[in-house]
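Structural characterization, general
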Amino acid sequence: MIARIFFFIILALYLPDTYIYFRYIKRRTDLSRWLKWMWWVPGLVLASYTIGLSLIRDFAPSDITWLNVYLFAFGLVALPKLCFVTFSALGFLLGKITKSKRNYGNHIGMLVAVASIYVVIYGSTVGVRELEVRHVNISFTSLPDSFDGYRIVQMSDLHVGSIDADLLQRAVRECCHLNPDAILLTGDLQNMQPSELNGYGQILSKLKAHDGVFSVLGNHDYSMYINDKASVKAANELDMKKRQRSYGWRLLLNNHAIIRRGSDSIVIAGEENDGKPPFPQKADLRKTLQGITPSAFVILMQHDPSAWQRSILPHSKVQLTLSGHTHGGQISIFGLRPTELTGHEDAGLYSAGARKLFVSTGLGGLVPFRFNMPPQIAVITLRKTEQKYNK
């Protein structure tokens, strides 16, 4: 992870330090030489930490705490300086253009720097432990009558290797308290390898629903983030599948299950991950829906929401798709999310005619951080609407 962006991290560390030193520190006569040189120490420590993490052969260290401490330190030390320097430099350039001696960018930069510290601390301590239960009603004319009011609890992106244990326990208790008809887990149970789930089996096995607990795999569940032999990755993938089944879940790997209410039925289908490179592309939509009649009402679990427009809409008649993967960017400021820059559907409910996609912002993340994007359980209630006819 760090190795991929090593150059940009070093620039983010040293460009602000250099700017501030030569503009505001070096010329000061009230500071001794050794105090001036102390300015560079935090950056040097973080740079050394960066080098150490970049030498790890896997995407992240096996003990994720090392990465989390690094990112927290970066957020408290480097990010505020980067914010200040950005606005200060813009203010300096504006002053040159307008021939003004006042640099208002310094004042704005200080405010933004302080705000960034607040965001980092809050998002890493309070925000990551909040729990939102989001209720969503979704209506279809094609829903069988007996399933009007059918309640699904969707959980996604647990990332057990880095989730707060108390949050996970609260989320499982809340799911059981909601007494759903079905629980659907839409991928990314682990960060990098199944051993992260050790000690959590008893908690995860408590998930129960009238019609069962269904799951699919997400990109992290394929052990794609470890640098090891193919045989090791395959063994890890097999281990992940066995663990999910041992919890009493029905793992859907390009197949489906039929839920019946009298003479009515719906289909719960589960595709393997359908991601754009470098994410795994193991989905087989035709196999997943094989044997399903064209008139059937289908709920499809697909971890990656980008598959909705790319393959699900053009190549099927699936009425409802449930996804995760994006975490809603894990941060929202003034309603803006970073994932909006890379995906058309990154959080919430979307429509294409009568067909729907709901993207859960998930419970966890590789990096335990949430700001104004709390860990989420979605309660989806299906509603039957009457067909409207034009006279």
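Our structure is the block above this text.
A brief structural summary. Once a new chain begins, its residue numbering starts again from 1 and follows that chain's sequence as written. In view of the model being predicted, local features appear only for residues whose pLDDT reaches at least 70, and side-chain atom pairs are presented and counted only at 80 or more, with totals across whole chains, interfaces and linings using the full set of residues. Heavy atoms throughout the structure, all of them, feed into the side-chain values; hydrogens and water do not.

1. Topic: the pattern of salt bridges
Our working rule: Every case where a carboxyl oxygen of Asp or Glu lies within 4 Å of a side-chain nitrogen of Lys or Arg is listed as a salt bridge. The numbering of helices and of strands both runs from the N terminus, where a helix is a DSSP run of H or I of at least 4 residues and a strand a run of E of at least 2. For every residue, the accessible area obtained with a 1.4 Å probe (protein chains only) is divided by the maximum for its type, and the residue is called buried under 20%, exposed over 50%, and partly exposed between those limits.
Counted under the stated rule, the structure contains 15 salt bridges. The residue Arg 383 makes a salt bridge to Asp 148 at a minimum N-O spacing of 4.0 Å. Here the residue Arg 383 occupies a position in strand 12 (residues 376-384), and Asp 148 occupies one in the loop between strand 1 (132-140) and strand 2 (151-155), the gap between them amounting to 235 residues. Judged by relative accessible area, which is 41%, Asp 148 ranks as partly exposed. One connected set of salt bridges, linked through shared partners, spans Asp 181, Asp 211 and Arg 261.

2. Details of the sheet that holds strand 1
Strands belonging to one sheet form pairs held by backbone hydrogen bonds; the direction of such a pair is parallel or antiparallel. Quick reminder of the rule: For two strands to pair, DSSP has to find at least two bridges joining them.
Ordered in space as 1-12-2-3-4-5, the 6 strands form an open sheet in which the pairing is mixed. Every interior strand has two partners, whereas the edge strands, strand 1 and strand 5 (250-251), have only one. In terms of strand pairing, strand 4 (residues 213-215) meets strand 5 through 2 bridges, oriented parallel. Across the sheet, the residue bridging to Ser 215 is Leu 251, located in strand 5.

3. Observations regarding the sheet that holds strand 9 (residues 320-323)
To be explicit about the condition: The angle between two axes is taken between their N-to-C directions and runs from 0 to 180 degrees, where each axis is a line fitted to C-alpha atoms and a helix contributes only its stretch in contact.
An order of 6-7-8-9-11-10 is seen for the 6 strands of this open sheet, with the pairing classed as mixed. The two strands at the open ends of the sheet, each matched to only one other strand, are strand 6 (255-261) and strand 10 (348-352). Between one strand axis and the next, the sheet turns through 20° on average, direction left out of account. Here strand 9 pairs with strand 11 (residues 355-359) via 4 bridges, running parallel.

4. A few points about the nonpolar core
We count it as follows: Working definition of a nonpolar core: buried Ala, Val, Leu, Ile, Met, Phe, Trp, Tyr and Cys residues. They are joined through side-chain atoms within 4.5 Å. The contact criterion used throughout is that any non-hydrogen atoms of two residues lie within 4.5 Å.
By size, the foremost hydrophobic cluster in this structure holds 30 residues, and its most contacted members are Met 155, Leu 158, Leu 168, Leu 189 and Leu 207. Looking at this core, the elements that each hand over two or more residues are strand 2, helix 6 (165-177), strand 3 (182-185), helix 7 (201-204) and strand 12. Setting aside anything within four residues of it in sequence, one finds Leu 168 in contact with Leu 158, Val 160, Ile 163, Tyr 200, Ile 203 and Leu 204. Counting residues in each nonpolar core, the second largest holds 25 residues, with Ala 182, Val 216, Ile 266 and Ala 378 among its members.

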